Amino acid sequence: QGYRVDWSDHCPPAITAISLLSETSTDEYQQVVDDVLHYLDEVAPRNEQGGISHLGTLGRNSIWVDSLFMFGMVLTRWGELTDDPARLDMLSEQVGIFADLLQHDNGLMQHSYGLQLVENDIFWGRGNAWVIVSLADYLRVRLLRGETDPEVEQILRDQVRGVIELQERESGLWWTIMNRPGEIYRETSATALFAYGITRAYRYGILGDSELAAARLAVEAVKRQIRIDEQGRPIVTGISKGTDPGVFEQYAEVELGEDIHYGVGSAILALIETSGLPE
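Since we're looking at a predicted model, the values are computed, not measured.

## As for the overall build of the protein chain
(1) Moving on: A count of helical and extended segments in the protein chain gives eleven helices and eight strands.
(2) Moving on: The C-alpha radius of gyration computed for the protein chain amounts to 18 Å, which stays within 12% of the reference 19 Å derived for 279 residues, consistent with globular compactness.
(3) Moving on: A buried classification covers 54% of the 279 residues belonging to the protein chain.
(4) Moving on: By sequence separation, contacts in the protein chain at least 24 residues apart represent 65% of the contacts at least 6 residues apart.
(5) Moving on: Accessible surface, the protein chain as shown: approximately 12500 Å² in total, 48% of it carbon and sulfur.
(6) Moving on: Taking the average location of the 22 positive side-chain charges in the protein chain and that of its 44 negative ones, the two points are 5 Å from each other.

Here is the structure:
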C-alpha cells in the first residue's frame, strides 16, 4: 500500500528490511532502508543541540526518548550489516545529545524536550525501556567490532541503576510512571523490554549478576501477564496504549489493552533473550 517516512515512528520498518537484506539482497528491501537513511540524513529536523526531532516534518521540533529506539536500532543494525562505523558514530552522537537533554541525576530519562505543557519530573516506563534496549544492542555491536564507547556505556549503566531501584520487588513489574508507584497501573511492555535489554547487556559483559537478577524477576512477571484464552491461545495483557508526553493526568488517561503488537513483540524478545541463561 506504500509508505511514508515523516517522523521517527516511521523508521522501524527499516529494521525488518535490514534483517531481510542480511539473507537476500533485493532492490525492494534496500529502498526501504535508503528512504529511512535519507530521511535521517537530509529531511529530519534537528533542534539547536543537533538532536533529531521525533515528530519530524509533522509537528513541533522536539526530541522524545522513543526516538533512540525508533531510528537508533536502524543505525545500529545497518552499521553492523554493512560494517559502517559512520552509522554507529551517528547514533553515539545522538545518544549523547539526548542524554544531555533528557537524563536526570537518577539515571532516568524524561519523555521529551522542547514541548510545552509537559511535566519532566515523571518517568515513563516504556520510553526508558526502549532506550535500554537500543543502547544495549548498540554496545553489543561495538564490542563485536573490538571497540568501546565509554560515554554511552555510562549512560546505560546510570539508567539501568535508576530503573532497577524502581522495580516492584513483589510483582517484578514496573509502574507505567515508574517514580509514581500505586498511582496508575503496572505495565507489561516496559517490564518485558527491561528484561530483554538488561539481559542482552549481561550476555555481552556490559552488566553483571546483580542487574541480571532484576531481569530474571521481570521475565517471570511477564509470564504471569500472559493468560490463556478459551481456545488455548496466549494473550499478553497489561499493555499501555500509545502514549504522548504530557502532564501526569494525561498518562493516567492512557488505557490498557491486550495483544497490542509492540507489547507482544516485547514479550517475545524478553522470553527469547532470557532463555538458556546459567542457573
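From this point, the discussion proceeds with the structure in view.
## Looking at the packing of helix H2 (residues 27-43) against helix H4 (residues 72-82)
(1) Moving on: Contact geometry for H2 and H4: axes closest at 11 Å, N-to-C directions at 120°. Taken together, H2 and H4 sit at an angle that is classed as oblique. The element H2 and its partner H4 pack so that their crossing is left-handed. Residues Gln30, Val33, Val36, Leu37 and Leu40 of H2 touch H4, and the partners they reach there are Val74, Leu75 and Trp78.
(2) Moving on: Of the residues belonging to the contact of H2 with H4, the class tally is seven nonpolar, one polar and no charged.

## Some remarks on unusual backbone geometry
(1) Moving on: Even without a glycine there, the phi angle at Asp83 is positive, about 55°.
(2) Moving on: Here Asp83 shows up in the loop between H4 and helix H5 (85-102).
(3) Moving on: Backbone geometry places Leu117, a non-glycine residue, at a positive phi of 60°.

## Here we look at the side chain of Thr176
(1) Moving on: Among the structural elements, Thr176 can be located in the loop between strand S3 (174-175) and strand S4 (186-187).
(2) Moving on: Once residues lying within four places of it in the same chain are set aside, the contact partners of Thr176 are Phe123, Trp124, Gly125, Ile184, Tyr185, Glu187 and Ser240.

## Quick look at the packing of helix H8 (residues 188-203) against helix H9 (residues 209-224)
(1) Moving on: One can describe the packing of H8 onto H9 by two numbers: an axis separation of 8 Å at closest approach and a directional angle of 145°. Handedness of the crossing formed by H8 with H9: left-handed. Between H8, through Thr188, Thr191, Ala192, Ala195, Ile198, Thr199 and Tyr202, and H9, the contact on the second element is made entirely by Asp209, Glu211, Leu212, Ala215, Ala218, Val219, Ala221 and Val222.

## Quick look at the nonpolar core
(1) Moving on: Formed by 85 residues in total, the largest nonpolar core has its most connected members in Leu40, Phe71, Val74, Leu156, Phe194 and Ile198.
(2) Moving on: Looking at which element gives the most residues to this core, the answer is helix H6 (residues 125-144), with ten residues.
(3) Moving on: Setting aside chain neighbours within four positions, we find Val74 in contact with Cys11, Ala14, Ile15, Ile18, Val36 and Leu37.

## A look at the environment of Leu115
(1) Moving on: Inspection of the secondary structure puts Leu115 in the loop between strand S2 (112-113) and H6.
(2) Moving on: Taking C-alpha positions, Leu115 is 40 Å from Thr26, a pair spaced 89 residues apart along the chain.
(3) Moving on: When neighbours within four sequence positions are excluded, Leu115 is seen to be in contact with Arg60, Ser62, Trp64 and Pro245.

## Looking at helix H7 (residues 150-165)
(1) Moving on: Along its 16 residues, H7 runs 23 Å from first to last C-alpha, staying within 8% of the 22 Å computed at 1.5 Å per residue.
(2) Moving on: Residues Val152, Ile155, Leu156, Gln159, Val160, Gly162, Val163 and Ile164 constitute the buried set of H7.
(3) Moving on: Against the buried residues of H7 lie H5, H6, S3, H8 and H9.

## Thoughts on the environment of Leu91
(1) Moving on: Tracing the sequence through the fold places Leu91 in helix H5.
(2) Moving on: For the pair Leu91 and Leu75, spaced 16 residues apart in sequence, the C-alpha separation works out to 6.4 Å.
(3) Moving on: Among residues more than four places away in sequence, those in contact with Leu91 are Phe71, Gly72, Leu75, Thr76 and Tyr138.

## Some points on helix H1 (residues 13-21)
(1) Moving on: Taken residue by residue, H1 has Ala14, Ile15, Ala17, Ile18 and Leu21 as its buried positions. Here the buried residues of H1 occupy an arc of 160° about the axis, which is enough to place them on one side.
(2) Moving on: Tucked inside the fold, the buried residues of H1 contact H2 and H4.

## Regarding the side chain of Asn128
(1) Moving on: Tracing the chain through its elements places Asn128 in helix H6.
(2) Moving on: Looking at Asn128, the relative accessible area reads 0%, which means it is buried.

Cut-offs applied
Residues numbered from 1 in each chain as written. Predicted model: local features only at pLDDT ≥ 70, side-chain atom pairs only at ≥ 80, totals over all residues. Heavy atoms only, no water. Helix = DSSP H or I, 4+ residues; strand = E, 2+ residues; numbered from the N terminus. Rg over C-alpha atoms; globule rule 2.2 N^0.38 Å. Buried < 20%, exposed > 50% of the residue type's maximum accessible area, 1.4 Å probe, protein only. Contact = heavy atoms within 4.5 Å. Areas by Shrake-Rupley, 256 points an atom, 1.4 Å probe, with all protein chains shown as cover. Lys, Arg positive; Asp, Glu negative; His and termini not counted. Charge placed at Lys NZ, Arg CZ, Asp CG, Glu CD. Axes fitted to C-alpha atoms, helices over the stretch in contact; angles between N-to-C directions. Parallel < 35°, antiparallel > 145°, perpendicular 65-115°, else oblique. Left-handed = near helix turned anticlockwise from the far one by under 90°. Nonpolar A, V, L, I, M, F, W, Y, C, P; charged D, E, K, R; others polar. Core = buried A, V, L, I, M, F, W, Y, C linked by side-chain atoms within 4.5 Å. Expected span 1.5 Å × (residues − 1). Arc of directions from axis to C-beta.

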